[in-house]
Every structure is written in structure tokens, then in C-alpha cells.
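Results of the structural survey
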Amino acid sequence: MLSLQSEEKIRLALYVQKAALHFIDASRAADKCQIPEEVIQAGFSIDPDELASIVRSHDLKRLESHGGLEELARKLSVSLEKGVCPREISNRQRIYGLNKFVEKPSRPFLMFVWDTLRDLTLIILMVCAVISVGVGIATEGWPKGTYDGLGIILCVFLVVLVTAISDYKQSLQFRDLDKEKRNIQVHVTRNRNRERVSIYDMVVGDIVHLSIGDQVPADGLFISGYRLSIDESSLSGECETVNIDKGRPFLLAGTKVQDGSGKMLVTSVGMRTEWGRLMVTVSEGGNEETPLQAKLNGVATIIGKIGLAFAVLTFLVLTAQFLAAKHGGITKWTMDDALSLLNFFVTAVTILVVAVPEGLPLAVTLSLAFAMKKLMNSRALVRHLSACETMGSASCICTDKTGTLTTNHMVVTHIWICGEAKTVECNRRGNALKSSIPEKAAKALVLGIFLNTSSEVVKGRDGKTEIFGSPTETALLEFGLLFQKDFDAVKRECKTIKVEPFNSVKKSMLALVALPSGGLRAFVKGAAEIILGMCDKIVGKDGESVSLSVEQRKDIANVIDGFGCKALRTLCLAFKDIENSSDDSIPDSGYTLIAVVGIKDPVRPGVKEAVQTCLAAGITVRMVTGDNISTAKAIAKECGILTDDGIAMEGPDFRGKSTREMKLLIPKLQVMARSLPLDKHKLVTMLRKELKEVVAVTGDGTNDAPALHEADIGLAMGIAGTEVAKERADVVIMDDNFKTIVNVAKWGRSVYINIQKFVQFQLTVNVVALITNFVSACVSGSAPLTAVQLLWVNMIMDSLGALALATEPPHDGLMKRPPVGRNAHFITRVMWRNIIGQSLYQLAVLGILSFEGKRLLKLNGADSASILNTLLFNTFVFCQIFNEINSRDMEKINVFRGMFSSRIFMIILVSTVVLQIVIVEFFGTFADTVPLSLELWGISILLGAVSLLVAVILKCIPISTPNYTENVKHHDGYELLPSGPDLA
């Protein structure tokens, strides 16, 4: 779950510490320290540190000195058959510890306040505010001289507070999501019952079941298993796998099961494991920066430099005009003169503060965090932030069939045995079916199901039979139990010598067993066509083995094809008797076919509608499955994936094509059956590199990891997926449902659009604020918007604006437009049209008020200048408030759609209006405002509201949309600003 950089740190720490750790462990062994009294009183006979050091140092001699595995289990008061008793768990946690690592404490809120205060422009403003207070008191006395300075300090405080609260909340949210990522479910045996528990609930003494793709959850010792090999590269950095057996029984936390299966006894958890000890010295880095955040940071820097230029020019113009009008020449200075220059400097710095759009990265973070939280509630765990952005640009989804498009609740509905196809009407009543099959054939079928399986049949706590294993294995075992109720009795009668677990390359599982009557028998099951090719005999109508003729082989192939056309998964079961031999290799030919089994796996409700949604959104859905071509086509047609002009083909045919042939074929390819993981990887590579598609791909097995890594967005299955697949993926689909994948795409589009809305809003404010103050300073010698006022506007558009626009929920209209083009600029022509149009309107309004306001509004008297400046400020703020509403939809005229149901947006909008009224009417001393009459309030609101009409007019101007056929990829980032007049 760690980043690659963190893994490298861990490996370096390992090399440095290993010698020291082993030296310490050896010292402890030499000392033979006494067992603590509390350990003995708890009913155990071995010290936790001694136990942990045996595994950590891979010390076989010390293990043997304790009597080996069985004696060690006795010292831990655990049976290797029964497992831990649930009532002992708290006692074991007290003595041997919890399976949790010491985490770096979360940063306190004050640290976020401190980080915000370290912003250079805010520091300059605070220094200026302090100087302003000192000079003001000297010239105007107490308290009048403090108002300007205290007003700036108050605004800076509000900006810091809002920013720090926002950052703090996001850090807590990301921390919770990170904990969820590490919460792995583990299979253990407790009190003879096999159950799934959280990795955090594991204790020393637990019997853990491991299979391909699992992460080893704690340090432990190998009990039993078949061809168990472990990838220890996450700890050692070595790529070679380690074979685990009785001679090398040590298993370390954090490593991965590369092949085989087995059981282990947990000997140490949490901070006593090798992984836990290393975690003390290595802490993970900060939150990743997404490509869009990086690009927006670059845009913010460019805009900031432009703002700096305007700030310097404003200061120089104001200073030059002041010096030109100064009485007494430049040699005589008073405190008032110094205060004027200080105010010019403060105004310039404030222009810089407003110009720097620090809200851009904040908007991305807010939008991503909001989307991640909502997606978590919708059963999708986002592991990499960039996936949220990229999924909105996906143009192709390569999806598995089983469990994603289908329910993964499998049941055997058809069987071909002894030359006859039969329908399994009801799994609960197998007597009629059992009586119709010869006894010898039925016995061979039961042995083929029960002895060649990686699943287990156990009694639950309620006394009911439970099956632990994959859905396919579960369906077969449920079917086998119709013929023989006692699974364990069959397993005890025959000794399993060797097992080759199922993998997606061989598409078969093999087992070699010793029969009670003597002799060896090999069993094989797997993909129907592959197993049929391994057979030269079949079980005949009397239950005896007979030669398989060419005609019979064709008939069986037709049966397989017929089952596939009914959307059934087809498997074959076969056996071969072998003479006793010292060689335990399992043959790959000469088998006797027992049966062809058809397994029904219904399509998930709503999948067809979800596929149609993808097609309407310009997203092509391709099915990539290991099932046979007939089954794949039947399911694809039922889901709406395979169309009349679409192509369905098998993996071997696909991989035999040249690159040129693939480029011509892939656009119409909709189904790939009997595919290997390498076929999926090749398809993804071709789609991305040759056809420039943005590809999302689903995967659940260890062998899917390369395709998940290669894809733009890797989607791992939370239920069926292995830990290796989940670690390689960008998003984990917790319910394995295709509808959830479509929901991720919708939220991805929402993130992208929301950030565009905010960028449009913020750039409009930036343009208007900069030009208004600069032009006014050049013409009249003073800036109409003071430092305090600009800081308030800065808070509206940065923190509050980002929160309002970046957290808008998605709507169905997002899935009725094509994905964003790979070369499309982030700031589109539509956005430029809205930014320029709104800026021109606001500049015209503020310009007319600034230069002709007194005459038009007939403002006379001593306070007319203050009233006009307040009106300017008020109008400017209300223009931004209404522009915030305009920015909710960049193209549609009806911007009020869904506004009143968006709670966050409405709260921020109402709060902004209320605070504006309070500032103008009651805090004029600090904000340089005076109370306005109802008439002038009405004028401000009306001029702001007219921007809604301006937006309608702008949206009626036709803008050609860019070509969306080429798509964007998150590894490449986004091109944000056009170079030249072609804004698309």
C-alpha cells in the first residue's frame, strides 16, 4: 500500500538494521531470559519477544530447541486443527499485542494554522498592518489610528482560519481513507470454524489460510500447503520468490503469495513483526500531488507573476502621483506622508494577494476529497487521487465478466455425463439425478469435485454447512454434496500428494491423490475445451472408461458450445489412474473425461442500463474474460456490449495478429474470450499507445497486475480481487459491480467540470480586481478597493468559492457528453467566452460608477466619496456572488437547476450575503465603508443580478466545441493554456 519511494526507504532501512536486529535476537537467545510471570499466568509458555525473534531471524535451531511447530503451538495454547478459541482473543492481544503499527500522529490543527501563516504575502501584509497601527496612532491617535491596521489583521486572520480548517478536515479524511486501504480481510480458523476477519483483529496463535495473491498479514510459521512460494521483494528488494516448506517455514508480514496455497501459525503481530519494526524508522510521505494539481499550480504561478507586475506598477503609479502633488518637495516628509506611502504599499501587496489564485490547488483538493468520500459511500475506494480526475476522461472500459457483469452467485444447472445431458432442477433435491447416474460414474464425479478443490466445507457456528472458496468452487461443491454429504470423510479416505492450484494461464487445476484401495489417481478440472483436449477416454453409460472417438469428441464440443449459448460457464472434470511411482509429477494427457458441467451466473440487475449509459457518454465497453467464446457472446449480448457489427474473438487468435492487424481490428473488438492476462495487457497497451484511448481496466487476479498498472485507471475487485491486484489498482470496487464503475466515471467527470467552473469564476474576479485598481490608480491617484476589502473578496473567491463550486454533486447530463480530448485545453473556448464577457461587463459597471457615479446617483456632501467607494465595493462583491451562480453551468442557460438542493452551495451563498451586509453596515470602521441606503443596496444587487442576463446572452453565442475523439491520460497531465488565438 506504500508508495514506491517509501518501499525503497524500507529496503534501505532493512539492510542497515538487519545485522543489528539479528545481533539483538542472538543476544536474547544466549541470555535465555525467563518467561515473564504475566505470560505464565495467562496460560502461555513462551515469551512474545523470543517467539518473534525466532521467525524474524529465520532460526531453525531455536525453533527445534522449542520442540518444533507442534510444541510451539502447545506453548501458545492453540490447536493446529481447531485454531484459537474466540474467548481467548482479548487475552492474547493483552500478552502478544495488537496487529497494528505505531502510526505517525496526525498533525494538530495549529500546525495547519502555522503553515498558512508562513505564506510570504500574508507575512508582508501582517508586517504592514503592524507598521500601519504604529504610524496611525502617532498621526491620528488612539483608537482611530488603529482601524486600518486592525482591519487588515482581522481579514488575514479570517483567511488563515478558513484555509487551515479546510486543510485540516481534508487531512483527517485522507487519513481515514488510508486506514480503509490497509484493512485487509483474512481467512482464519477459529474454534474449528473458518471465517473472515479484519487484519487488525488477528492474534498470535491464529491459523491463517493463504492463497495466490494474498498478503501475508503477520509473521508466522508454515503448517501445511501446496507449492507455496512467497514474494519477499517488499522487504528484501530481491525479485526472486522464496519457496516455503517444512525446511523453510518462516513467513514474514507484508510479503505476497506468488503461487500455491497453505496455512500458517501466527507467531507475532503488529510492532513485533519485521515489517512493524521497520515501520518505526520509515514513515510514508505526504499526500500525492495529482497531475491536474501540478498543472494548476503552474497556472497559479503564471497568474501570480502577472499580479506581481500589476502590483508593482500600481505602487509606482500611486507613488509617482503622490510625489508630483506633494507640497514642500521630496525633501520634507511628515508622518502623514509616510502613512500614505505605506498605504500605497499595502494596496499593492493586497493586489498581489488577490492576483495569486491559491484557491486553484485548494479547489482540486476539495473536489477530489468530496468525490472520494461520496465514492466510498458508493462502495468504491479511491487509492490514487489522480484516478478521480482521469476516470472522467475514460473512453474505454475493459471489464471482466464474472462477478462484475454477473452476480458471482453461481449454481450448477446443467451436466453432461455418461453420454447424456441432464438438467439440475433443484440443488436441494438430488435423489432423482443421483439415481439416473451409474454408481461408478457418480463416485468418480464426487472424487473429482471433492479431492481436486482449494475450497473447504465447514460447519458454521449455527450448525449449518458453509463453503469457503471461489464462487465456481462453491457451486461445484454444493453440487457434489447432493451425491455425498460427508465432505471430510472423502478427504480423509484419500491422501493428497500434490496439488497444482488453478491459475489463469493454465486455466486448470490438478491434484494427485493416493486412493485407499492403492495406486495413485490424478484429477483435473478447468476450461472445457482445454480439459477435453487432455482426454482420450470418457466414462461410458455403465460407468466404465471407454475410448473417446472422433465423433464423440465432436458431440462433446457441441455440448460445450450449447451450454455456452445458454450463457453457462462450462467446466470439464477428468481423472487418470497412475501406477505407483517415485515421481510425483502430474501428467497433462491421457485423462478420462467424467463430466461437462454448466454453471449459471446471472447478469447483475442494472448492468444493461449501466452499459447503455457508458455508450451514451462515448465510453466503449469491452468484455475480456477467460470463459469460452459462446458463453462470453451470450452474456455480452444480454448486457448490450456485443452489437451486430461488433467482433468477438478468442485470446489465441488475438495474440496471433500483427500490430497493423490489431489496429484495424480493435475499434470493432467488443468481446475477447479465453484470454490470458498477457492478452489483456496487450489489448490495453494497444488501446493506449496506438489508438490514444484512455483505458480503464478491471482485474481481480495476481496475473492482472500488469494490465492494471499499464491502464490509465486500474479497477480492482474488492470481493474477488487479490491483495496484489488491489495494490496495483487506482480504485478498488468494493462490491465488484459494473454499475459502481460507471458511478466512478460520473464522479470523475464531475471533479473535472467542477474545477473548470471554479477556474472560470476565479479568473473573472482576478481580471476585474486587477484592472479596476490599476486603472483607477493611474487615473485618479487612489485605489477604489482598499486592502481590507480586497482581502474579503479574496476569501470569497478562494476559500468559500472553491468550497461552493468544487463540491457540486454530479448530474445525469454529465454522462450524455463525450469524454474530454487528450489534447483538449483545460480552459476551453466556452470558458474564455464567459470569462471575457463577464469581465467586460463588470469592468464597465465599476468604471462608470467610479468616474460618473457621483453625477449619475446625485451624490453630494462631504461623505459622497465614501458612499461611492462603498457602493463600488458592494457592487463588486454582488457581481462575484451572482457570477458564482453563473459558474454552476458553463453552457446551459438554466443555472438554477439543482442549486437549491445543493446544501453546501446554498449555505456558502447565504453566508456570503449576510457577511457582506454585516461588514458594510456594522464594520465600516475597519472595512472603510459607510452604511448604504436601501436604494443603493438595491442598485448594487440589481447590477450584480444583471450578470445573470449577461451570462444568458453569452451562452447564446455559438462556440465550436473541440474534437473529443482523442482522449486525455492522467500520466501525461493536462494542457491548460492555449498558445495563440486558437483557444481550443
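Residues numbered from 1 in each chain as written. Predicted model: local features only at pLDDT ≥ 70, side-chain atom pairs only at ≥ 80, totals over all residues. Heavy atoms only, no water.

Some points on the overall build of the chain
Operational definition: By definition, any uninterrupted DSSP run of H or I lasting at least four residues is a helix, any uninterrupted run of E lasting at least two residues is a strand, and each is numbered from the N terminus. We call a residue buried when its accessible area falls under 20% of the maximum for its residue type, exposed when it is over 50%, and partly exposed in between, using a 1.4 Å probe and counting protein chains only. Contacts were defined at the residue level, with two residues in contact if any of their heavy atoms lie within 4.5 Å. Using a 1.4 Å probe, accessible areas were evaluated by the Shrake-Rupley method; residue-level cover was limited to the displayed protein chains.
When you go through the chain residue by residue, the secondary structure sums to 35 helices and 26 strands. Relative to its 984 residues, the chain shows a buried fraction of 56%. Taking the intrachain contacts of the chain between residues at least 6 apart in sequence as the baseline, contacts between residues at least 24 apart amount to 73%. Carbon and sulfur atoms make up 57% of the accessible area of the chain, which amounts to about 41800 Å² in all.

Let's talk about the packing of helix α29 (residues 738-780) against helix α32 (residues 864-886)
For any two helices packed against each other, one specifies the inter-axial angle together with the distance between the axes. Just so we agree on the cut-off: Helix axes use the C-alpha atoms of the stretch in contact, all axes being lines fitted to C-alpha atoms, and the angles between their N-to-C directions lie in the range 0 to 180 degrees. Between 65 and 115 degrees an angle is taken as roughly perpendicular, under 35 as roughly parallel, over 145 as roughly antiparallel, and anywhere else as oblique. When the near helix sits turned anticlockwise from the far one by under a right angle, the crossing is termed left-handed; a clockwise turn instead gives a right-handed crossing.
Following both chains from N to C, one finds α29 and α32 inclined at 160°, their axes separated by 10 Å at the closest point. In terms of axis orientation, α29 runs roughly antiparallel to α32. At the point where α29 passes α32, the crossing takes the right-handed sense. Contacts from Phe761, Thr764, Val765, Val768 and Ala769 of α29 reach α32 at Phe876, Gln880, Asn883 and Glu884.

With respect to the nonpolar core
To keep it simple, the criterion reads: To form a nonpolar core, buried Ala, Val, Leu, Ile, Met, Phe, Trp, Tyr and Cys residues must be joined to one another through side-chain atoms within 4.5 Å.
In terms of nonpolar packing, the biggest core is built from 72 residues, with Ile152, Trp792, Phe873, Phe876, Val877, Ile885 and Phe905 touching the most fellow members. With near-sequence residues (within four places) excluded, Phe873 lies in contact with Leu785, Gln789, Trp792, Val793, Gln916, Ile919, Val920 and Thr929. If you look at the next biggest cluster of nonpolar residues, it comprises 63 residues, including Ala394, Ala634, Met831 and Met890.

Describing the packing of aromatic side chains
Heads up, the condition is: Centres within 6.5 Å make a pair out of two Phe, Tyr or Trp rings, where for Trp the six-membered ring is used; the pair is then stacked when the planes are under 30 degrees apart, edge-to-face when over 60, and tilted otherwise. The criterion is that NZ of a Lys, or CZ of an Arg, lies within 6 Å of the ring centre and within 35 degrees of the ring normal, and then a charge sits over that ring.
Here the structure, examined in full by the defined rule, presents nine aromatic pairs. Between Phe44 and Tyr96, the aromatic rings sit 5.2 Å apart at their centres with planes inclined by 70°, giving edge-to-face as the arrangement. With Phe44 in the loop between α2 (37-41) and α3 (48-56) and Tyr96 in helix α6 (residues 89-96), this pair connects stretches of sequence that are 52 residues apart. Taking relative accessible area as the criterion, Phe44 reaches 4% and is therefore assigned buried. Classification of Tyr96 by relative accessible area gives buried; the value is 1%. Their ring planes at 75° and their centres at 5.4 Å tell us that Phe479 and Phe483 sit as a pair that is edge-to-face. The same class applies to Phe479 and to Phe483, which are both buried. Joined through ring pairs, the aromatic side chains of Phe109, Phe112 and Tyr168 make up one cluster. Geometry around Phe112 places Arg107 over its ring, the cationic atom sitting 4.8 Å from the centre. Of note, Arg888 hangs over the ring of Phe905, and the distance from its end group to the ring centre comes to 5.4 Å.

Observations concerning a positive patch on the surface
Basically, it comes down to this: A patch is a set of surface residues, each over 30% in relative accessible area and not in a salt bridge, joined within 9 Å for like charges and within 5 Å for the nonpolar side chains Val, Leu, Ile, Met, Phe, Trp and Tyr. In the sections that follow, a salt bridge refers to a side-chain nitrogen of Lys or Arg positioned within 4 Å of a carboxyl oxygen of Asp or Glu. None of His or the chain ends enter the tally, which takes Lys and Arg as positive and Asp and Glu as negative. By convention, the point assigned to a charge is CZ for Arg, NZ for Lys, CD for Glu and CG for Asp.
On the surface, Lys169, Lys373, Lys374 and Arg903 cluster together into a positively charged patch. Here Lys169 shows up in helix α9 (residues 147-182). Residue Lys169 is classed as exposed on the basis of its relative accessible area of 53%.

Focus: the UniProt feature "transmembrane region" (unreviewed entry) in the chain
Condition: UniProt positions are given in the numbering used here, feature names are shortened, and annotations may be inferred rather than shown by experiment.
Within this numbering scheme, the UniProt entry marks residues 120-139, 145-165, 302-324, 344-371, 835-853, 865-883, 904-924 and 936-954 as carrying the feature "transmembrane region" (unreviewed entry). Regarding residues 904-924, the helix share stands at 95% and the strand share at 0%, and the terminal C-alpha atoms are separated by 29 Å. The span residues 936-954 is 100% helix and 0% strand, and its two end C-alpha atoms sit 27 Å from each other.

A short note on the pattern of salt bridges
This structure, assessed with the given rule, holds 30 salt bridges. Put simply, Arg897 and Asp889 hold a salt bridge, and the shortest N to O gap is 3.6 Å. By relative accessible area, which is 41% here, Arg897 ends up partly exposed. Relative accessible area serves as the criterion here: at 11%, Asp889 is assigned to the buried category. Through salt bridges that share partners, Glu50, Asp59 and Arg62 make up one connected network.

Description of helix α31 (residues 829-857)
Note the cut-off: Working definition for bend: take the seven residues up to and ending at a residue and the seven starting at it, fit an axis to each, and measure the angle between the axes.
At Phe851, α31 shows its largest kink, close to 65°. Phi turns positive one or two residues past the end of α31, at Lys858, with a value near 55°.

Section: the environment of Asp812
Mapped onto the secondary structure, Asp812 falls in the loop between α30 (787-806) and α31. For Asp812, a relative accessible area of 54% translates into the label exposed. Residues Asp812 and Lys746 lie 66 residues apart in sequence; the distance between their C-alpha atoms is 8.1 Å.

Side note on the sheet that holds strand β8 (residues 380-382)
Stated precisely, the cut-off is as follows: When DSSP finds two or more bridges between a pair of strands, those strands are recorded as paired.
Pairing within the open sheet is mixed, and its eight strands lie in the order β8-β26-β25-β24-β9-β21-β23-β22. Each end of this open sheet is capped by a strand with a single partner; those strands are β8 and β22 (647-650). In this sheet, neighbouring strand axes are inclined to one another by 20° on average, regardless of whether the strands run parallel or antiparallel. Sheet topology note: the β22/strand β23 (residues 669-673) ladder contains four bridges and is parallel. When the bridges of β23 are listed, Met649 appears paired with Met672. The strands touched by α29 are β8, β9 (396-399), β21 (620-624), β24 (695-699), β25 (713-717) and β26 (731-733); relative to β26, the strand with the most contacts, the crossing angle is about 145°.

Description of the confidence of the model for the chain
In plain terms, the rule: Per-residue confidence from the predictor is given as pLDDT, running between 0 and 100.
For the chain, the average pLDDT comes to 83, and 86% of its residues sit at 70 or higher. Counted against residues more than four places away or in other chains, residues 26-32, with its pLDDT under 50, gives four contacts. Scored below 50 in pLDDT, residues 282-286 shows 13 contacts in the model against residues more than four places distant or in partner chains.

Details of unusual backbone geometry
Positive phi, close to 55°, is recorded for Lys507, a residue that is not glycine. Although it is not a glycine, Lys692 adopts a positive phi angle of roughly 60°. Mapped onto the secondary structure, Lys692 falls in the loop between α26 (677-690) and β24.

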